[in-house]
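Inside the fold
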Amino acid sequence: MERTQVEAEREPTQIDHNNQPAHQHWLSRNRLLAAYGAFTIYATALAIDTGHADRTWAIWAAVGYGLTTLIIWLTRHRNVPVIWPMLVALAGALAAPVTWLVTRVAPTPEVQVISRSAVLLLQHGSPYLPAGALDTWLSYNPYMPVMAVFGLPRALGASGLFADPRLWLTAVSIVLIWAAFAVAAPHRHCEGCRHNTTLSTVFFAASPVIAFPLAVGITDPPVIALMFLTLALIARPSGLFRAAVALGIACAMKATAWPAVPVFAAAVAVRHGAQAVWRFVGVVIVVTGLLAVALAPAALLDPYAFLQNTVLFPLGLSAHKTPAASPLPGHLLATTGMAGHWAAVALLVAAGLGFAVSLIVRPPADGRVAAWRLALGLAVMFTLAPATRWGYFVYPIGLVGWMVLTRPPSPADQGAAPPVKVPAQAGSRA
């Protein structure tokens, strides 16, 4: 009996009562053990090396990841579904630090900007201060108009935890991640697919790629989640319109989503033809434009303020410089003087043009290839940008993670099992 149980842990199988193949999930017990061990090391190193809100998150996360790693190790020969230790990681890396930082620590600059933009939107019809009022770097709002929505609860009078944008950024991001994995699942009404969707959502939401930026108020997770949803919908012939809507919302939320438009459009052209790609791009542009006008109508009367906030400030070309200054090649070149700054901008533009040519010469064949191409393009863009930070690399890392968690099982993964015994989902009961 013990030998059978140990073998089951090493190569989990389950009986499908309808004699239909179940779906193996990439998140096996051993891989989860390795992943959470790596997360523990990362969070511990961050707690030692940083301060302020980053350190607070890192301390909570190191405890959560460490406990999860320990529980998975201690229960490796027991019939304990891995979802339970994964929920410990979600609590330690996301729920606890978000609650602590919201209720006990002063808001981070990103949270202040979002909250102020919502107040400005309600009072003046634009989330942006006019150019004459931009007297410090904190005066700028580098986000697109939709981002101000996350600050509306506070602007409308909410208080406490429910007033903080981080709570709503977290809730929206998790829902979108779940929706993306649900759409990407092979079957809609399959118990195994639903189980795998839950595992993937909990794992991704608790990972440093999503949990860290959410806890400190960085606004990338919902944009990343909308990219995931777009990729999942593109793979379905009936999902192109909804994919375009999702991408349009992301583009109206943050400019970091804009490079995804040509990449995903190229994949749509290969998969669905030229007529479909024009409809796809058209819907993205219309949705982005309508949302921008609806949430910043007064910005149309002051386009220079919009330009100052959303274009010149992120590029480091405004009077007050962004504090995003990680020692990457583009930033190091920009610090040499004005000539170096324009050289970094020129390199960024050249890389973008080269990337656009590559999409024409060799367009991605499907959504998965498009995700890899976008991850590479964003990594190059963030490396060469004159005003940049390490945190932007959550985009390419997140896209790579999405590809890993949604990859179809290979014949080697399936194994040569008897007809009614097939690889089981991680965490299922033996």
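Residues numbered from 1 in each chain as written. Predicted model: local features only at pLDDT ≥ 70, side-chain atom pairs only at ≥ 80, totals over all residues. Heavy atoms only, no water.

Turning our eyes to something else, we now look at helix α12 (residues 260-272). Between the first and last C-alpha of α12 there are 17 Å, a value that for 13 residues agrees with the 18 Å anticipated at 1.5 Å per step. The complete set of buried residues in α12 reads A260, V261, V263, F264, A265, A266, A267 and V268. The elements touched by buried residues of α12 are α10 (220-234), α11 (240-251), α13 (274-295), α16 (338-361) and α17 (367-384). Positioned one or two residues after α12, G273 has a phi angle of 100°, which is positive. (Helix = DSSP H or I, 4+ residues; strand = E, 2+ residues; numbered from the N terminus. Expected span 1.5 Å × (residues − 1). Buried < 20%, exposed > 50% of the residue type's maximum accessible area, 1.4 Å probe, protein only. Contact = heavy atoms within 4.5 Å.)

What follows is about unusual backbone geometry. Phi is mostly negative for residues that are not glycine, and the peptide bonds are mostly trans. Although it is not a glycine, H52 sits at a positive phi angle of roughly 60°. Tracing the backbone shows H52 in helix α3 (residues 52-74).

Turning next to the packing of helix α5 (residues 109-124) against helix α7 (residues 165-184). Taken N-terminus to C-terminus, the directions of α5 and α7 make an angle of 95°; their axes are 10 Å apart at the nearest point. In terms of axis orientation, α5 runs roughly perpendicular to α7. From α5, V111, I114 and S115 reach across to α7, where they touch P165, R166 and L169. Residue classes in the contact of α5 with α7 are distributed as four nonpolar, one polar and one charged. (Axes fitted to C-alpha atoms, helices over the stretch in contact; angles between N-to-C directions. Parallel < 35°, antiparallel > 145°, perpendicular 65-115°, else oblique. Nonpolar A, V, L, I, M, F, W, Y, C, P; charged D, E, K, R; others polar.)

As a further point, take the environment of I234. Position of I234 relative to the elements: it lies in helix α10. A relative accessible area of 1% places I234 in the buried class. Considering only alpha carbons, one finds I234 and F280, 46 residues apart in sequence, at a separation of 9.9 Å.

On the surface, V63, L67, L70, I71, W73 and L74 cluster together to form a nonpolar patch covering roughly 540 Å² of accessible area. Relative to the helices and strands, W73 resides in helix α3. (Patch = residues over 30% accessible without salt bridge, like charges linked within 9 Å, V, L, I, M, F, W, Y side chains within 5 Å. Areas by Shrake-Rupley, 256 points an atom, 1.4 Å probe, with all protein chains shown as cover. Salt bridge = Lys/Arg side-chain N within 4 Å of Asp/Glu carboxyl O.)

Moving on, we get to the nonpolar core. Membership of the largest hydrophobic core comes to 108 residues, with the highest contact counts inside it found for Y36, W57, Y65, M86, F203, F264 and F280. Per element, the largest residue contribution to this core is 11 residues, and it comes from α10. When sequence neighbours within four positions are dropped, the list of residues in contact with F264 reads M227, T230, L231, I234, L247, F280, A370 and L374. Among the nonpolar cores identified, the runner-up in size contains five residues, and L120, L129, L134 and Y140 belong to it. (Core = buried A, V, L, I, M, F, W, Y, C linked by side-chain atoms within 4.5 Å.)

The next point concerns the packing of α11 against α12. At a minimum axis separation of 11 Å, α11 and α12 run at an interaxial angle of 170°. It follows that α11 is roughly antiparallel to α12 by the angle criterion. Residue-level inspection shows L240, L247 and C251 of α11 in contact with α12, the latter providing A260, V261, F264, V268 and H272. Looking at side-chain class alone, the contact of α11 with α12 contains seven nonpolar, one polar and no charged residues.

Quick look at the pattern of salt bridges now. The final tally for this structure, using the stated rule, is two salt bridges. The residue D164 makes a salt bridge to R166 at a minimum N-O spacing of 2.9 Å. Accessibility classification places D164 together with R166 in one group, the buried group. For D220, the salt bridge is made with K254, and the minimal N-O distance between the two is 2.6 Å. Of the two residues, D220 is situated in helix α10 and K254 in the loop between α11 and α12; the sequence distance between them amounts to 34 residues. Neither D220 nor K254 differs from the other in exposure class; each is buried.

With that settled, the discussion passes to α13. Compared with an ideal rise of 1.5 Å per residue, which puts 22 residues at 32 Å, α13 spans 32 Å between its outermost C-alpha atoms and is within 8% of the ideal. Within α13, the full set of buried residues consists of A276, V277, F280, V281, V283, V284, V287, T288, A292 and L295. For α13, the angular spread of buried residues about the axis comes to 155°, placing them on one side. Those residues of α13 that are exposed and aimed more than 90 degrees away from the buried face are A274, Q275, W278, R279, I285, L290 and A294. For α13, the elements touching its buried residues are α5, α10, α11 and α12. (Arc of directions from axis to C-beta.)

All right, on to the environment of G192 then. Examined against the element boundaries, G192 turns out to sit in helix α8 (residues 191-206). Residue classification places G192 among the buried positions, given a relative accessible area of 8%. Each C-alpha atom of the pair G192 and H25 lies 9.2 Å from the other, and the pair is 167 residues apart in sequence.

We now examine the side chain of T68. You can see T68 is positioned in helix α3. Beyond its immediate stretch of four places on either side in the chain, T68 contacts Y36, P85, M86, V88 and A89.

Overall, the coordinates contain 19 aromatic pairs when judged by the stated rule. Taking the centre distance of 6.0 Å and the plane angle of 75° together, the rings of F382 and F393 count as edge-to-face. Placement of F382 in helix α17 and of F393 in the loop between α17 and α18 (394-406) is noted, with a sequence separation of 11 residues between them. Residue F393 is classed as buried on the basis of its relative accessible area of 16%. Put simply, the rings of Y36, F39, W57, Y65, F203 and F212 touch in pairs and so form one group of aromatic residues. Here the guanidinium or amino end of R76 rests over the ring plane of W73, the centre of that ring lying 3.7 Å away. One cation-aromatic arrangement involves R104 over W100; the distance from NZ or CZ to the ring centre is 4.5 Å. (Phe/Tyr/Trp six-rings, centres within 6.5 Å; stacked < 30°, edge-to-face > 60°. Lys NZ or Arg CZ within 6 Å of the ring centre and 35° of its normal.)

Just geometry here; none of it tells us what the structure is for.
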